[in-house]
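Residues per chain are reported as follows:
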2 protein chains.
Amino acid sequence: MSASLDPKRTIADLKELRSLTADESGAQRVAFTAVWAKTREWLTAKLAKLPVETHIDAAGNLWATLRGESTRELLIGGHMDSVPNGGWLDGCLNVLAGLEILRRIAAQTGGRPPVTVRLVDWADEEGARFGKSLFGSSACGGTLDMDEARALVDRDGIALPDALEAQGIAFERVKESGVELARAAAYLELHIEQGPVLLDLDLPLGVVLGTCGVERHAITFRGQAAHSGSTPMNRRKDAFLAAAKMCPEIYRIAERHGGVCTIGSCKTEPGIVTSVAAECRITLDQRHLDAAALAAMHAEAREAAARFAAEGGVSVEWERLWHIEPIPFDPDLIELCDGAILETCGVSHRLPSGPLHDAAEVARAGVPTVMMFVQSLLGISHNKIEDTKEEHIEMAVAAFDRLADRTMAWIVSRREGVSAG
Amino acid sequence: MSASLDPKRTIADLKELRSLTADESGAQRVAFTAVWAKTREWLTAKLAKLPVETHIDAAGNLWATLRGESTRELLIGGHMDSVPNGGWLDGCLNVLAGLEILRRIAAQTGGRPPVTVRLVDWADEEGARFGKSLFGSSACGGTLDMDEARALVDRDGIALPDALEAQGIAFERVKESGVELARAAAYLELHIEQGPVLLDLDLPLGVVLGTCGVERHAITFRGQAAHSGSTPMNRRKDAFLAAAKMCPEIYRIAERHGGVCTIGSCKTEPGIVTSVAAECRITLDQRHLDAAALAAMHAEAREAAARFAAEGGVSVEWERLWHIEPIPFDPDLIELCDGAILETCGVSHRLPSGPLHDAAEVARAGVPTVMMFVQSLLGISHNKIEDTKEEHIEMAVAAFDRLADRTMAWIVSRREGVSAG
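Each value, and the rule that gives it
Residues numbered from 1 in each chain as written. Chains lettered and ligands numbered in written order. Predicted model: local features only at pLDDT ≥ 70, side-chain atom pairs only at ≥ 80, totals over all residues. Heavy atoms only, no water. Salt bridge = Lys/Arg side-chain N within 4 Å of Asp/Glu carboxyl O. Buried < 20%, exposed > 50% of the residue type's maximum accessible area, 1.4 Å probe, protein only. Least-squares fit on C-alpha atoms with pLDDT ≥ 70 in both. Contact = heavy atoms within 4.5 Å. Buried area = accessible area lost by both parts, 1.4 Å probe. Polar contact = N/O pair within 3.5 Å; in protein donor to acceptor, adjacent residues only side chain to side chain. Helix = DSSP H or I, 4+ residues; strand = E, 2+ residues; numbered from the N terminus. Nonpolar A, V, L, I, M, F, W, Y, C, P; charged D, E, K, R; others polar. Core = buried A, V, L, I, M, F, W, Y, C linked by side-chain atoms within 4.5 Å. Phe/Tyr/Trp six-rings, centres within 6.5 Å; stacked < 30°, edge-to-face > 60°. Expected span 1.5 Å × (residues − 1). Bend = angle between axes of the 7 residues up to and from the residue. Domains from an automatic or database assignment.

A. Broad picture of the pattern of salt bridges. Residue and element names in this part refer to chain A. Within the structure shown, the criterion is met by 72 salt bridges over all chains. Between Arg-173 and Glu-176 there is a salt bridge, and its shortest N-O distance comes to 3.2 Å. A relative accessible area of 41% places Glu-176 in the partly exposed class. Across the salt bridge formed by Glu-215 and Arg-320, the nearest N and O atoms sit 2.9 Å from each other.

In structure tokens, the structure reads:
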């Protein structure tokens with residue numbers, strides 16, 4: 001069935017893109033820059049060889065549509081933009097695997113597949129310039145906070161609306177891109193894992209169960225500045241001591257629930273060598289695929305912080321920085337993805353995604369969604385050393401193509417089911 | 001014998017000084033400023049009423065000399081300078097108690113005491129402007145690092161040598177002030193405790209055994225930045241985790257040895273909410289009066305840091321920021337001070353000083369030295385809320401006067417001892 005699929009061509013495309021858009025520090029396809037525009041031109045030229053219609057939507061997302069027997073749509077998505085000094089696979093692997101699958105389907109069906117198949121290149125997934133990720137997909141999915149986005153400025157003081165206008169995008173109308181999802185029946189996304197789970201298990205591919213919910217807070221402990229030489233230990237109100245106790249504790253909390261917890265930032269005031277810390281601010285990022293487990297992890301962190309504060313005679317204050325519910329993927333599509341992986345490489349694995357992806361925005365918009373992960377060699381992304389074995393990339397393209405075929409059949413069967421019901 | 005001593009006059013002098021040199025934020029007698037110059041004029045006018053000779057030495061220290069039968073000298077020292085927004089007692093209590101004792105001795109001996117008595121107002125004890133404390137006393141005592149001091153600049157970019165020149169002080173000659181100690185037989189200093197030890201014991205006065213040795217280091221843990229969402233807990237190389245474990249540990253180390261340990265500053269890199277900390281730098285300040293105990297505390301901190309680094313798969317690097325040996329005070333003078341306190345208020349206590357004082361520089365220069373502490377009401381200094389009960393200030397002046405008398409007798413007896421030997 002996939003006789004004309006050529007995964008090696010995807011690798012060749014990835015290398016061609018790298019030679020065009022990376023320098024010695026890594027990929028430089030930051031959204032809304034000249035390199036990104038060049039990337040889009042390159043992609044559009046590739047698409048022009050296929051029987052597809054392409055257009056840019058109201059949020060700057062690029063769509064290529066291969067019309068099928070049914071107007072119900074299979075969507076395959078990714079993002080060509082990268083962080084500065086990024087890797088050669090993050091984001092563009094999805095788009096170029098999707099391109100190869102479009103080629104295969106177009107060739108095999110004489111340009112007329114059973115359902116409409118669309119490839120989308122989301123705009124500014126990384127948020128590298130304005131500090132806000134998932135721009136294009138959240139505008140399209142409808143969750144973009146317009147007031148927050150309107151106020152975003154880059155390092156040079158340029159506002160996001162002005163930067164968009166320079167790209168021919170009217171900021172106040174970006175949510176009109178939502179019409180693109182009107183006939184979407186399924187959304188598929190292939191991505192490099194960006195973590196070490198598949199590497200540790202020595203597995204090439206995995207099914208993603210959903211994206212984790214996130215509780216993100218700043219925690220400020222306030223004690224009393226005191227001279228490091230004249231203040232006995234038992235008289236101190238040491239804000240750093242309470243904050244420091246939180247770190248081993250969040251490892252215990254994460255272990256109990258099977259989630260992840262991170263204290264990434266710690267700041268002390270006055271922050272001088274001769275004074276007990278009067279104030280200590282840490283950030284806490286907690287993630288879990290299960291909403292109840294996430295809530296329990298958060299409650300236990302609050303309880304621990306209150307206990308450490310009381311032990312040390314300091315106060316504690318929480319500030320929520322961000323929050324998102326877990327976004328589970330579609331159970332049917334998870335089974336299809338699992339089957340496609342099993343058939344391709346004989347073994348599969350199910351795992352949640354800690355990082356968010358455009359797929360989460362599409363799923364929140366009500367489109368049945370699933371993602372496939374391919375092993376990351378060092379478990380590292382957003383870095384030029386990001387890599388995946390070529391044989392694993394080839395397996396990923398083959399399995400993702402099988403998933404696309406099964407999903408088309410699923411869409412057709414669901415439609416029949418609806419008609420029959 | 002001390003019939004003419006009037007401790008209430010010292011309190012009146014302190015209040016007069018406060019009204020002249022403090023604003024609503026606290027004392028503003030920062031060295032080498034206009035307020036400090038006004039302070040010196042005010043003090044000089046007070047001294048002019050006594051049969052003393054006054055002069056400014058090569059390092060800017062102010063000396064008032066009451067010549068006695070012997071050229072051997074009893075020195076009483078303090079500092080009129082304060083930190084910005086400082087308290088009403090730190091430093092100036094010593095000088096003004098010394099002034100009252102000079103008045104008493106001059107009146108009682110007809111201006112001719114058995115030994116020469118000198119009051120010194122050290123220049124720039126606090127180091128508030130140039131970040132280097134004990135300037136005047138370390139220049140006089142001979143330990144001032146000329147190369148380091150030459151390079152000091154204030155916030156406005158003014159170099160210390162230039163600031164001194166504006167005060168009529170030639171930087172390259174400041175160590176010539178060392179001649180002032182040529183005939184010193186004893187040095188006494190009264191100071192507010194700046195800590196809560198006497199407060200907790202409900203005691204007005206204490207004998208200071210010496211100033212603690214200090215080991216001051218920066219400790220940098222280096223791990224691996226990793227995404228907070230995609231990196232399982234057991235795969236992390238978390239620099240903050242290792243650093244955080246140090247804080248409860250230094251409390252245990254300090255408790256075992258009876259010293260003090262402080263982590264006052266903690267900085268994380270990249271220091272963002274979505275990344276495991278790749279690097280964490282903390283400062284560690286350790287103090288003990290006993291050199292062997294200080295060395296043991298330091299060795300145990302190194303062992304703990306190496307252990308936590310190994311547990312977490314991170315590296316650790318130490319950088320020594322500063323070090324000073326413990327400076328024990330003179331055993332004879334400690335006994336005399338203890339006796340003077342006992343006679344004044346019936347109970348005494350011996351304690352080390354965590355903070356350094358000018359007395360440490362004089363002791364290092366080989367002059368027999370002792371300090372007396374008076375209770376600090378909140379255990380807090382370098383702040384406008386610094387305070388001591390007036391009855392305790394009166395007791396302190398009375399006990400310090402007794403100590404001065406006993407020390408003069410001790411100087412005379414030692415001389416006789418030498419002659420007889």
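There is more to say after this.
B. Representation of the relation of the copies chain A and chain B in the model. When chain A is brought onto chain B, the operation consists of a screw motion whose angular component is 180° and whose axial shift is 0.0 Å, with 0.0 Å RMSD remaining. In short, the pair behaves as if placed about a two-fold rotation axis. Of the C-alpha atoms belonging to chain A, the one lying closest to the rotation axis is found on Ala244(A), 2.2 Å away. The share of interface residues of chain A whose copies in chain B are also at the interface is 100%, consistent with both copies meeting through the same surface.

C. Expanded view of the interface of chain A and chain B. Taken together, the contact pairs 52 residues of chain A with 52 residues of chain B. The largest share of the area that chain A buries against chain B comes from Met233(A), Tyr251(A) and Val273(A), three residues that together contribute 16% of it. Linking chain A with chain B are two salt bridges, by the criterion used here. For Arg235(A), the salt bridge identified is with Asp200(B), shortest N-O distance 2.1 Å. There are 16 residue pairs in polar contact (both at pLDDT 80 or more) connecting chain A and chain B. Among the elements of the structure, helix H7 (197-201), helix H8 (239-257), strand S11 (260-262), strand S12 (266-269), strand S13 (275-276) and strand S14 (279-288) of chain A are those that each provide at least two residues to the side of chain A that touches chain B. Among the residues forming the side of chain A that touches chain B, the class breakdown is 24 nonpolar, 18 polar and ten charged.

D. Spotlight on the nonpolar core. In this structure, Leu47(A), Leu74(A), Leu102(A), Val370(A), Met372(A), Phe400(A) and Leu403(A) are the most contacted members of the largest nonpolar core, which totals 83 residues. With eleven residues, the top contributor of residues to this core is helix H12 (residues 390-420) of chain A. Formed by 82 residues, the second largest nonpolar core is a distinct cluster that contains Met80(B), Val117(B), Leu119(B) and Leu188(B).

E. How the structure looks around the packing of aromatic side chains. All names here are of chain A. Tallying each qualifying case throughout the model produces eight aromatic pairs over all chains. Taken together, a centroid distance of 5.6 Å and an interplanar angle of 80° make the contact between Trp-63 and Trp-122 edge-to-face. Of this pair, Trp-63 sits in strand S4 (residues 62-66) while Trp-122 sits in the loop between strand S6 (115-121) and helix H4 (135-141); the two residues are 59 residues apart in sequence, bridging distant segments of the chain. With respect to burial, Trp-63 and Trp-122 carry one shared label: buried. Their ring planes at 50° and their centres at 6.3 Å tell us that Trp-122 and Tyr-187 sit as a pair that is tilted. A residue pair is termed long-range when its members are at least 10 positions apart, and Trp-122 in the loop between S6 and H4 and Tyr-187 in strand S7 (residues 184-192) qualify at 65 residues. An aromatic cluster is defined as three or more aromatic residues linked by ring pairs; in this entry it consists of Phe-32, Trp-36 and Phe-135.

F. Here's a closer look at H8(A). Residues and elements named next belong to chain A. Taking 1.5 Å of rise per residue, the 19 residues of H8 would be expected to cover 27 Å, and the 28 Å separating its terminal C-alpha atoms lies within 8% of that figure. Within H8, the axis deviates most sharply at Pro-248, by approximately 30°. Along H8, 14 of the 19 residues are buried, which leaves the element largely enclosed by surrounding structure. N-cap assignment for H8: the residue whose side-chain oxygen lies 3.0 Å from the backbone N of Phe-240 is Asp-238. Count one or two residues on from H8 and you reach Gly-258, which has phi positive near 75°.

G. Spotlight on the domain arrangement of chain A. Residues and elements named next belong to chain A. Taken domain by domain, chain A comprises domain 1 (7-211 + 326-416) and domain 2 (213-324). Computed over C-alpha atoms, the centres of domain 1 and domain 2 are 37 Å apart. Listed as interface residues are ten residues of domain 1 and, on the opposing side, eight residues of domain 2. When residues of domain 1 are sorted by the area they lose upon contact with domain 2, Pro-326, Gly-354 and Leu-356 head the list and together hold 61% of the total. The tally of links between domain 1 and domain 2 comes to zero salt bridges. The element best represented in the side of domain 1 that touches domain 2 is strand S8 (residues 205-211), accounting for three residues. Of the residues contributing to the side of domain 1 that touches domain 2, the split by class is six nonpolar, three polar and one charged.

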